[in-house]
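So you can see what is in the structure, the chains are spelled out below.
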Amino acid sequence: MVIPVHDVNPVRRTPVVTYALIAANVLVFLYMPGLADSVAGDSSLSQLCHLQAFLDHYAAVPQELIHHQMPRVVPTGEVGPGGAGCVVGPPTYDKSPVLSVFTAMFLHGGWLHLLGNMLFLLIFGNNVEDRMGHVRFILFYVVCGYAASYGFALLNDDSGDPLIGASGAIAGVLGAYLVLYPKARVWVLVPFLIFLPLRLPAWLVLGFWFVLQAVYSSGEGVSDAGTVAYAAHIVGFLAGMLLAWPLKAGTPPPPEPRGLLFGRKARPRHTW
């Protein structure tokens with residue numbers, strides 16, 4: 001997997017929506033019980049019970065989205081007598097499955113999950129927002145997130161596991177970037193004994209990312225295929241491509257590449 005660090009594609013206006021989404025995701029993560037302290041290795045049973053109750057309330061669940069099968073008992077956040085486990089009981093709240101898709105888009109399962117998503121959003125979201133405008137971009141982001149969640153739920157309609165993360169919406173941003181700026185150059189770190197910095201075209205970076213998601217969704221080459229919603233990434237990516245396609249014709253090209261390209265100096269171009 002290549003790690004993007006910067007794209008050579010300047011914007012014309014400040015991407016306030018992208019920055020606001022990053023800030024919102026970080027703030028919500030810090031509010032989530034237990035997860036903000038997990039970097040220090042603190043994962044007590046009490047924290048896990050609170051987290052389980054929090055996710056059951058605010059995360060999207062495929063069974064609930066497709067069949068509206070709401071559980072009769074849910075975790076209360078309390079620890080059982082003697083630390084035997086988490087207490088369950090009738091829910092004390094009314095949960096909207098449709099609204100849970102939106103709230104789940106701001107929840108993350110750990111620091112790496114959060115930082116990885118925010119890195120991709122920061123690098124690729126600013127240009128997509130610049131092309132779409134602030135209002136259309138936030139609508140686009142939410143629509144891609146919903147498409148990804150419901151697409152995954154349709155493929156896993158019997159699953160009762162919570163679905164969380166901004167990955168589906170951000171996958172839509174990546175799909176839009178691929179359509180709008182396929183020739184833009186992206187600086188990436190490639191792990192090969194050490195991290196090698198390379199400047200690659202966006203179509204190669206994002207195309208490789210999409211192929212990996214397709215391979216991983218089949219369960220090949222990865223051990224956590226059951227815990228990562230790779231299918232949601234695929235649906236979100238395709239939704240982003242489809243929604244961005246009408247804007248492709250009027251999108252100005254990225255600046256001409258200069259300097260190092262694939263480790264060699266790019267040849268200057270002459271205009272006649």
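Use the structure listed above.
Residues numbered from 1 in each chain as written. Predicted model: local features only at pLDDT ≥ 70, side-chain atom pairs only at ≥ 80, totals over all residues. Heavy atoms only, no water.

## A look at the sheet that holds strand β1 (residues 3-8)
Each strand in a sheet pairs with its neighbour through backbone hydrogen bonds, running either in the same direction (parallel) or in the opposite one (antiparallel). Across the sheet, 3 strands lie side by side as β1-β4-β5; this open sheet has antiparallel pairing. This sheet does not close on itself; its edge strands, each paired only once, are β1 and β5 (194-201). On average, each strand axis in the sheet is inclined to that of its neighbour by 25 degrees, with strand direction left out of account. Where β1 meets strand β4 (residues 185-192), 5 bridges bridge the pair, whose relative direction is antiparallel. If you follow isoleucine 3 over to β4, its bridge partner there is leucine 189. Each of β1 and β4 touches helix α5 (residues 111-132); the most contacted strand, β1, lies at about 20 degrees to it. (Pairing = 2+ DSSP bridges. Helix = DSSP H or I, 4+ residues; strand = E, 2+ residues; numbered from the N terminus. Axes fitted to C-alpha atoms, helices over the stretch in contact; angles between N-to-C directions. Contact = heavy atoms within 4.5 Å.)

## Focus: the packing of aromatic side chains
Under the definition given, this model contains 13 aromatic pairs. Ring geometry for phenylalanine 124 versus tyrosine 177: centroids 4.9 Å apart, planes at 80 degrees, classification edge-to-face. Of this pair, phenylalanine 124 sits in helix α5 while tyrosine 177 sits in helix α7 (residues 167-180), and the two are 53 residues apart along the sequence. Each member of the pair phenylalanine 124 and tyrosine 177 is classed as buried. Of the aromatic side chains, those joined through ring pairs into one cluster are Phe120, Phe124, Tyr177 and Tyr181. Against the face of tryptophan 245 rests lysine 248, its NZ or CZ located 5.9 Å from the ring centre. (Phe/Tyr/Trp six-rings, centres within 6.5 Å; stacked < 30°, edge-to-face > 60°. Buried < 20%, exposed > 50% of the residue type's maximum accessible area, 1.4 Å probe, protein only. Lys NZ or Arg CZ within 6 Å of the ring centre and 35° of its normal.)

## A few points about the pattern of salt bridges
The tally for this structure, following the rule as stated, stands at 3 salt bridges. Measuring nitrogen to oxygen at the nearest pair gives 3.2 Å for the salt bridge that ties aspartate 130 to arginine 12. With a gap of 118 residues between them, aspartate 130 in helix α5 and arginine 12 in the loop between β1 and α1 (16-31) connect regions that are remote in the sequence. The exposure class assigned to aspartate 130 is buried, which follows from its relative accessible area of 6%. Among the salt bridges present, the one from lysine 95 reaches glutamate 64, with a minimum N-O distance of 2.9 Å. Within this pair, whereas lysine 95 is found in the loop between β3 (86-89) and α4 (97-104), its partner glutamate 64 is found in helix α3 (residues 62-67), the two being separated by 31 residues in sequence. What makes lysine 95 buried here is its relative accessible area of 14%. One connected set of salt bridges, linked through shared partners, spans Arg12, Arg13 and Asp130. (Salt bridge = Lys/Arg side-chain N within 4 Å of Asp/Glu carboxyl O.)

## What to know about the nonpolar core
In this structure, Phe124 and Tyr141 are the most contacted members of the largest nonpolar core, which totals 49 residues. For this core, the elements supplying multiple residues, two or more each, are α1, α2 (45-58), α5, α6 (134-155), α7, β4, α8 (202-217) and α9 (230-244). Sort the elements by how many residues they give to this core and α7 lands first, with 10 residues. In contact with tyrosine 141, other than residues within four places in its own chain, are Leu21, Asn25, Met105, Leu121, Ala166, Ala169, Ile170 and Val173. (Core = buried A, V, L, I, M, F, W, Y, C linked by side-chain atoms within 4.5 Å.)

## What about the state of the cysteines?
Taken as a whole, this structure holds 1 disulfide when the rule is applied. Disulfide partner of cysteine 49: cysteine 86, at an S-S distance of 2.0 Å. Handedness here is read from the sign of the S-S torsion; for cysteine 49 and cysteine 86, about -90 degrees, the answer is left-handed. Of this pair, cysteine 49 sits in helix α2 while cysteine 86 sits in strand β3, placing them 37 residues apart in sequence. Given a relative accessible area of 0%, cysteine 49 falls into the buried group. For cysteine 86, a relative accessible area of 29% puts it in the partly exposed group. (Disulfide = S-S within 2.5 Å.)

## Focus on α9
Along its 15 residues, α9 runs 21 Å from first to last C-alpha, staying within 8% of the 21 Å computed at 1.5 Å per residue. Within the span of α9, buried status applies to Tyr230, Ala231, Ala232, His233, Ile234, Gly236, Phe237, Ala239, Gly240 and Ala244. (Expected span 1.5 Å × (residues − 1).)

## Focus: the pairing of β4
For β4 and β5, the ladder comprises 8 bridges, and the chain directions are antiparallel. Counted as the bridge partner of arginine 185 is proline 201 from β5. Between the end of β4 and the start of β5, which pair antiparallel, lie 1 residue, with leucine 193 showing a positive phi angle near 65 degrees.

## Looking at the side chain of serine 149
Counting through the fold element by element, serine 149 comes out in helix α6. Excluding residues that lie within four positions of it along the chain, serine 149 makes contacts with Leu65, Val101 and Leu163.

Nothing here speaks to function; it is all geometry.
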